[in-house]
Structure formats: C-alpha cells, structure tokens
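Working through the structure, step by step
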Amino acid sequence: HYLASKDEHLANGDEHLANGAAFGARPSFVGTSQLKRMVKFSLDPEPRPYAVVPPFDIKTTRGAHRVAAGKDASYVFVIYSKDESMQKLWYNSSATAMFRAMPPKSHMVFAATDGKGSEGAVNALRTRMENARGFAEVRDRLHFVEKPITLHCTAQEFPKCSAGQGQSVFHQAVVSWGSIEPSLDVTIDGVVEELDASGATGWLPSITDVIKNKGIQSLELAEWGGKACAGEEPSEGMHGKIAMIERGTCGFYTKVAAAMKRGAVAVLVTDSRDSGGSSSMGCGAPDPCDASDLTIPAAMISYEQGQKLSRQHKMGKAITIKLDARYEGEHFVGIDHHGKLREIGQVPPSNGDESLSLAFVALEAQYYEYEKDVDEKAAAPGILEIMLLHGTDQDESDTYLAGGRGIYGNALFPSEAVMAKYDTMQLLMQLECKCGMDKCCGEWDYVVHLHACSEPGMTPAQPAMGAVGAHGVETQGFSYKSCNIEVGRWVTAYGRPGKWLTDASSAMPLVRKGGRQHFVLSQPAWSQQKYRVVSKLLLSNTGKRGIPVASLPLFSGGTFDKNYNKNHGAMEVDIPYRTMRAEIHSFITGHGWGTDSDNCAEFCETQHRFSVRVGMDVDGETFASNDEQLYEHSLTEAGSELGCAAQVQNGVTPNQYGTWNFGRAGWCPGGAVAPWIVDVTKSMRPGMKAIIGYVGLFNSTGYSPKPCHGDACAPNGFAPEIKMMSRLVLYEHPYTKDLDGSSATEPKSWASPSIPLDLGSV
C-alpha cells in the first residue's frame with residue numbers, strides 16, 4: 001500500500017509530510033474526468049451543488065420516467081463520453097457488482113452527451129447489463145436515456161456552454177459542471193492519433209489559455225531523456241518545442257521550470273509505470289505554486305503512450321503534437337433523498353480496481369441512505385439539540401477551521417435539572433467545502449479533533465465561536481491547556497466534504513451541571529486546508545445508563561514498539577457506591593507506514609485488550625480478585641483493499657480524489673472514528689476498586705518492529721504509532737429527590753456479579 005509515493009510529492013518535501021501529518025504517502029491523484037475541480041471558470045457554475053431539483057421527465061428506452069427524488073428515491077446519473085476513463089467504466093466494469101452495491105431505494109440513470117457513437121454506447125451498456133447476473137432484481141431502477149444530452153458550446157470560447165432553453169436543473173448541471181480537457185493530437189510521419197491527457201491542477205497556464213492567446217499550436221517533440229531533476233541536462237535542444245519528461249524523483253514544478261529555462265514552450269510528462277494510470281499534475285510546498293512564475297502549459301500522458309512516443313522519436317520519425325482543447329460535460333451527477341443536486345467525485349479511486357468502477361458510482365447512493373438515516377436520528381422525538389458551531393458565524397467573521405490552533409465554540413447547556421433527564425450525547429459534525437463545491441475542499445487526509453475544556457466556558461459577552469489564539473491563550477485569561485478531553489475524532493476526505501454522527505457521551509459528566517461549555521476543534525497546525533463547520537450536540541435518554549457523573553482518564557497511545565506495553569501499567573480506580581453502570585470509551589487508531597516489514601500501524605491489524613479486576617484496599621495495600629475480565633477491540637480492516645469503501649454505509653465519504661478505499665487501522669479518509677464503547681459493569685463492584693490494565697498487540701502478542709527492505713520501505717515514512725484516548729465513564733442511580741423538586745425515585749437493585757474474591761497481592 002505504499003502506492004506511487006516514490007515521486008514528486010515526497011521529493012518536494014511537502015511540509016505536511018515532513019512534519020508527519022500525512023498518514024500515508026498518498027498524493028491526491030486527479031484523473032482526466034475530474035480536472036473540472038481545478039478549472040477556473042469565469043463565473044461560478046449554475047446550478048450549484050445542493051440546489052433543489054424539481055421533478056422532471058426523461059425519455060428512456062422503456063418509455064417516459066419521472067425523476068422525483070425524495071425520501072423513497074435517490075438518483076445517480078452516469079453520462080457517457082469518449083474520455084478514456086469513461087470508456088473503461090462503460091465497457092469493462094462489473095454490472096453485477098454495481099447491482100449488489102445499489103441500496104433498495106436508489107435509481108441509476110445512464111445517458112450520453114452528443115458525440116460520435118454515444119447512442120450506440122448507451123444501447124451497448126443496456127444489453128450488457130440485461131445479460132448480467134442480478135439484473136432482474138434491479139431492472140425497474142435502471143434507466144437508459146434514449147437521446148444524448150446536447151452541449152451548446154461556442155467554439156474556442158470555453159466555458160460558454162449551456163444546456164439549451166427549458167432544460168432541467170440536472171441537464172444544466174451536466175453542462176455547467178463540465179470541464180475543459182486537453183486535446184493533444186500527435187502526428188507521426190503523417191499519421192494522426194489522439195493522446196489521452198490530463199492537465200496541471202490550476203498552478204500553470206491551461207492549454208485553453210494558450211489557445212486563446214496564441215491560437216492552436218503544432219509543436220515539434222523533444223525528448224529530455226530523463227526526469228529533469230537537479231543536475232540533469234536534456235539530451236537535445238528544447239527551444240520552441242514541447243519537452244517530453246519522465247515522471248518521478250522531483251516535483252512537477254521543478255520539471256516544468258527546467259524545461260521553460262531551456263526554451264521549451266510546453267511540457268508533456270509521461271506517467272510512471274507503477275502509478276496506476278494517468279493522473280493530473282499537482283503542486284505542493286515548498287514549491288511556490290500559488291505565486292508561480294511559470295508561463296508554459298503542461299499535460300500528462302500514460303506510461304504506455306510515452307513509451308510509444310519515445311520509441312518512435314529514437315527511430316528518427318518526425319513527431320509533432322497539436323495543442324487543442326475540448327469541453328466535456330459532467331460525467332456523474334447525483335440527486336439525494338432531499339431532492340438536492342450532488343457532485344459525485346472521482347470514479348474509480350486512485351489505484352482502485354477499474355472492474356468495480358460502476359460499483360463505486362453506486363456507493364454514492366449508499367451515502368445518501370446514510371445521510372438520510374443521520375438526519376432522521378437527529379430529528380427524532382425526544383432529542384434536545386445544542387448548537388456548537390454554526391456555518392453562518394464563520395461566514396460573517398471569515399473564520400474557518402484551518403491550521404494553527406483551530407477554532408473554539410461555546411455550547412450553552414440547559415440547567416442541571418434538565419440535564420439530569422439525559423444519559424446520552426451524540427455529536428453531529430459536518431465539514432463543508434468552503435465554497436460549497438468539491439474543488440474548494442482540502443486535498444489531504446488530516447486528523448481533526450474536538451476537545452472539551454475542563455475550565456468553564458467563556459462569558460456571554462464573548463463570541464460564540466472564533467479562532468484559538470496563536471499562543472494557546474485567548475482573552476480574559478482562558479487557558480487552552482485545559483482543552484485536553486477528546487470527544488470526537490475525524491479524518492478529512494481527499495477533496496470532498498463529510499457528515500458524521502458519533503457518540504460523545506464520555507463528555508457528559510463535564511456538562512451535566514449545565515451552563516456554557518468550551519470546545520476546541522483543530523487539525524494539524526501546518527494545514528492550509530479550510531473547512532466550513534456545522535456542529536451540534538444531541539442529547540437523548542436511552543433509559544439504560546443512569547446519570548453520568550464521572551469521566552476518568554485511562555490510557556493514551558504512543559510509539560508502537562517493544563516498549564509500548566511497558567509504558568502502560570495497570571491503573572486503580574475507586575468505584576463509588578452509587579455506581580449503576582460503568583463503560584470504557586476509547587478512540588483507537590493506528591498510524592505510520594513504510595518503516596517496518598509489517599507496514600504498521602496504519603496498514604497492519606492490531607488488537608487492543610483491556611482487563612478489569614475487582615480490587616480491595618487492606619491496610620494501605622491493594623489486593624485483587626483472580627477473576628480477570630478481558631475486553632478486546634481489533635482493528636480488522638487495516639490493509640484490506642476495500643476496507644474503507646465498505647464503510648460508506650457507515651459514513652465514509654465515497655469517491656474521494658485519492659486512495660481512500662484501502663482499509664486503515666481504525667480510521668478512514670473522509671470518516672469519523674467511532675468510539676469503541678464497552679460495558680464493563682459486570683467486572684466492577686460499587687464501593688471497591690477497579691484495577692484496569694491495557695495492552696496493544698500485533699498477531700495477539702507484543703510488537704517488536706522489524707526493518708523493511710527495498711521497495712517495501714518509504715524514504716519519508718513514519719514509525720508505527722497508536723493514537724488512543726480512553727476514559728472510564730461512570731453512571732449513578734437517580735435515587736435522590738429530583739433536582740426539579742419532583743418525587744424521589746427509588747434505586748434499582750444492584751445486580752452484582754458473583755466474583756470470587758480469592759485475593760492476591762497486585
């Protein structure tokens with residue numbers, strides 16, 4: 001799972017990698033079909049994502065169909081084009097896998113934009129699906145549009161395209177969300193072929209800009225004969241030509257700068273053999289991407305295409321490449337259960353199995369089902385909603401979640417009497433792209449933490465939210481050092497938003513007296529990614545837990561090596577007489593890759609075992625029962641090829657612009673880290689001690705890393721690490737008079753387990 005990380009992203013020494021922020025060497029690959037994210041339109045496209053789509057009719061091969069998304073129906077549209085990645089999806093990916101991935105209330109619609117062979121392509125796909133296993137079960141939810149969607153574009157005036165008069169919001173999205181794609185025609189001894197190419201992601205002049213300024217150009221090919229990194233000189237003259245350079249070793253910025261310095265007017269980068277397919281060219285720190293002085297365009301072609309051109313060039317054949325561009329309509333559009341327009345993202349994922357491309361499209365519908373379920377839970381009867389962070393406040397103050405120390409939020413809880421009616425707290429978290437579109441979301445998978453502060457919240461006179469001070473101290477002497485109680489953990493998606501609902505009951509004892517409570521939301525200090533945050537706390541009563549009265553710190557993680565368990569000695573906790581329930585709440589995730597033979601701890605399966613024994617204090621010495629109860633949590637998805645793809649139904653954002661599909665140890669890009677909550681009541685006795693131990697294991701034993709060798713190693717990898725927060729949460733019987741003055745409630749009997757007290761010295 002080291003993937004294609006030996007090249008420019010690591011060679012650039014990206015600051016986030018140098019500081020150990022990235023959990024894996026996973027550059028944010030962007031294929032031809034998703035270059036749209038980086039195209040700078042003269043005007044924002046309309047309609048925008050999340051616009052409500054009124055019902056509309058489509059003419060399918062089975063007759064008219066009314067597209068009316070809502071509670072009982074969502075839609076995902078797949079639009080055919082001659083783009084190479086779409087060709088593979090259309091003809092090579094498994095229809096049966098897509099049928100299995102479709103949730104019961106989802107519809108898939110297949111159409112095409114006007115172009116050579118588009119109608120035939122829709123009919124060919126329909127025939128293939130009709131003959132696939134499982135078709136009968138989904139037949140009524142598959143729709144094949146008869147006529148192509150027409151793109152009304154003005155030649156050489158991109159992006160001035162429209163869907164025509166009277167078209168639906170969906171049709172408008174197909175057109176306005178489209179992209180300007182490089183169109184490179186190569187002529188070899190008079191024979192013309194088209195190269196499938198992708199462009200640079202916004203940090204270089206686009207080929208379209210060149211066409212506007214200089215017209216369509218035909219350039220002679222010059223082969224650099226290497227990677228154009230430090231100290232490399234070209235094998236031939238570059239002046240006035242298009243330079244063909246190999247990918248790898250150094251960043252794209254370095255390659256383009258070297259070619260321009262030697263007089264090249266454009267650059268053609270050939271992809272590496274093991275990158276998993278042609279991808280676009282990103283630029284990152286420390287290169288001056290946003291203030292680039294480079295004035296020539298660049299495009300990337302596949303490894304196979306590059307090898308062919310190189311062979312022909314070495315044979316002395318005359319090769320010219322014509323720089324042109326074409327407008328591609330959007331390939332994927334969704335309409336969710338709220339009837340809102342949605343972007344789909346990248347299909348298939350970087351280095352993903354192309355045979356599953358259609359199944360990945362269907363995952364979008366799974367995500368709509370998940371969102372609907374979250375919204376229904378948040379609006380359920382008996383829920384008390386507490387606003388924590390509101391997007392409007394961030395818009396007005398231009399203060400968003402970014403690097404540095406993060407942002408704070410003040411939540412106002414009701415009185416202690418009201419709080420006593422609730423035993424569970426859930427956390428609804430949304431990280432939105434700042435402009436509302438995928439193109440404005442951060443490219444990397446960074447950990448985001450929400451911490452509660454043990455000090456009281458700020459005064460009512462202070463804003464409900466704001467940026468945390470650069471030195472960790474805000475006004476009026478509030479110390480952020482007290483904000484160390486983790487109540488939520490997430491990992492940002494590759495270039496897409498996220499929405500999650502997780503349990504945050506471990507923080508209930510902090511807020512049970514009501515009033516203002518201070519929280520801090522943060523991501524790595526060096527991050528340049530910005531998010532608009534909407535966050536709420538949802539209180540409910542399960543009737544099973546009692547009153548939450550204590551949240552006691554247990555174990556944290558650390559470097560995962562032979563000394564890991566030595567640093568986690570057993571802990572003694574006094575269990576109050578009134579305790580009716582005890583739970584261990586833990587966030588446990590594994591990180592680090594490329595430095596040991598097992599690729600731990602991000603991609604190796606680990607086990608985390610808690611032990612609990614009853615203890616008794618006798619004359620200042622603690623004695624413990626020989627009856628030890630074990631509770632184990634295994635991070636089983638680590639290292640699996642589709643581990644995170646399988647978690648879309650649990651809230652992982654699908655179709656991200658990166659290698660999101662691989663399973664990780666307790667986390668996924670674009671996912672929430674669900675706390676592991678285990679009821680340990682049976683292992684404890686009120687009025688006595690609980691002796692709690694913990695060990696972290698690999699293959700059920702302590703871990704001693706072995707060095708990796710050769711290609712299994714990453715030059716900028718990170719040592720294995722377990723990030724853990726664990727707390728013991730105690731709940732009491734509500735047997736005293738209620739705080740609101742109502743009648744007293746008698747305690748339920750303590751169902752004490754029969755634990756033999758054959759005491760031995762600890």
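As a starting point, this report considers the structure included with it. (Residues numbered from 1 in each chain as written. Predicted model: local features only at pLDDT ≥ 70, side-chain atom pairs only at ≥ 80, totals over all residues. Heavy atoms only, no water.)

**Notes on the packing of aromatic side chains**
For the structure shown, the criterion picks out 20 aromatic pairs. Here F555 and Y694 contribute two aromatic rings whose centre-to-centre distance is 5.7 Å and whose plane-to-plane angle is 35°, an arrangement assigned as tilted. Remark: Y694 occurs in strand β35 (residues 689-698) and F555 occurs in strand β27 (residues 547-559); sequence separation between them is 139 residues. On the basis of relative accessibility, which here comes to 6%, the residue F555 falls in the buried class. Seen in terms of ring centroids, F610 and W676 are 5.8 Å apart; in terms of plane orientation they differ by 40°. Their pairing is tilted. Of this pair, F610 sits in strand β30 (residues 606-618) while W676 sits in strand β34 (residues 676-679), and the two are 66 residues apart along the sequence. A residue is classified by how much of its surface remains accessible, and F610, at 0% relative accessible area, is buried. A relative accessible area of 15% means that W676 is categorised as buried. (Phe/Tyr/Trp six-rings, centres within 6.5 Å; stacked < 30°, edge-to-face > 60°. Helix = DSSP H or I, 4+ residues; strand = E, 2+ residues; numbered from the N terminus. Buried < 20%, exposed > 50% of the residue type's maximum accessible area, 1.4 Å probe, protein only.)

**Structural notes on the nonpolar core**
Counting 82 residues, the largest nonpolar core has W90, M98, F110, M129, L142, F413 and L521 as the members making the most contacts within it. Ranked by residue count, the leading element in this core is helix α11 (residues 357-378), at twelve residues. Aside from chain neighbours lying at most four places away, what touches W90 is V78, I79, Y80, F110, A111, A121, V122, L125 and R128. Counting 32 residues, the second largest nonpolar core, distinct from the first, contains A550, F610, M684 and I722. (Core = buried A, V, L, I, M, F, W, Y, C linked by side-chain atoms within 4.5 Å. Contact = heavy atoms within 4.5 Å.)

**Comments concerning the pattern of salt bridges**
For the coordinates displayed, the defined rule picks out 31 salt bridges. Among the salt bridges present, the one from E432 reaches R532, with a minimum N-O distance of 2.8 Å. With E432 in strand β20 (residues 424-433) and R532 in strand β26 (residues 531-540), the pair connects residues that are 100 residues apart, well separated along the chain. In this structure R532 comes out as buried when scored by relative accessible area, which is 17%. Between D679 and R581 there is a salt bridge; the shortest N-O distance is 3.3 Å. Taken together, the residues D679 in strand β34 and R581 in strand β29 (residues 579-593) connect sequence positions 98 residues apart. For D679, a relative accessible area of 35% gives the class partly exposed. One salt-bridge network, in which partners are shared between bridges, spans D503, R545, R581, E583 and D679. (Salt bridge = Lys/Arg side-chain N within 4 Å of Asp/Glu carboxyl O.)

**Re the side chain of S683**
Locating S683 in the fold gives a position in the loop between β34 and β35. A residue is classified by how much of its surface remains accessible, and S683, at 1% relative accessible area, is buried. Engagement of the side chain of S683 in a polar contact is seen with the side chain of Y631, the distance being 2.4 Å. (Polar contact = N/O pair within 3.5 Å; in protein donor to acceptor, adjacent residues only side chain to side chain.)

**A word on helix α5 (residues 118-130)**
Side chains three or four residues apart in an α-helix point the same way, a direct result of the helix having 3.6 residues per turn. For α5, with 13 residues, the first-to-last C-alpha span of 19 Å sits near the 18 Å given by 1.5 Å per residue. Among the residues of α5, those classed as buried are S118, A121, V122, L125 and M129. Buried residues of α5, viewed axially, fall in a sector of 100°; they line one side. (Expected span 1.5 Å × (residues − 1). Arc of directions from axis to C-beta.)

**Some details on the sheet that holds strand β18 (residues 384-389)**
Within a sheet, neighbouring strands are paired by backbone hydrogen bonds and run either parallel or antiparallel to one another. With antiparallel pairing, four strands are arranged side by side in an open sheet as β18-β26-β20-β24. In this open sheet, the two edge strands, each paired with only one partner strand, are β18 and β24 (498-503). This sheet shows a mean twist of 20° between the axes of neighbouring strands, independent of strand direction. Where β18 lies against β26, five bridges are found, and the strand directions are antiparallel. Paired with L384 across the two strands is L539, which belongs to β26. Here α11 sits on the sheet and contacts β20, β24 and β26; the angle it forms with β24, its principal contact strand, is near 50°. (Pairing = 2+ DSSP bridges. Axes fitted to C-alpha atoms, helices over the stretch in contact; angles between N-to-C directions.)

**Here's the deal with unusual backbone geometry**
Cis peptide bonds are those with omega within 30 degrees of zero, and the linkage from V347 to P348 qualifies with -10°. Relative to the helices and strands, P348 resides in the loop between β17 (341-342) and α11. The omega angle of the peptide bond from C600 to A601 is 0°, so this bond is cis rather than trans. Tracing the chain through its elements places A601 in the loop between β29 and β30. Of note in the backbone geometry, T249 takes a positive phi value of approximately 70° without being a glycine. Residue T249 is classed as partly exposed on the basis of its relative accessible area, which comes to 44%.

**Re the state of the cysteines**
A complete count under the given rule lists six disulfides for this structure. A sulfur-sulfur separation of 2.0 Å characterises the disulfide bridge that pairs C433 with C441. Every disulfide takes its handedness from the sign of the S-S torsion; for C433 and C441 that torsion is -100°, giving left-handed. Across a sulfur-sulfur distance of 2.0 Å, C600 and C604 are joined as a disulfide pair. Handedness here is read from the sign of the S-S torsion; for C600 and C604, about 120°, the answer is right-handed. (Disulfide = S-S within 2.5 Å.)

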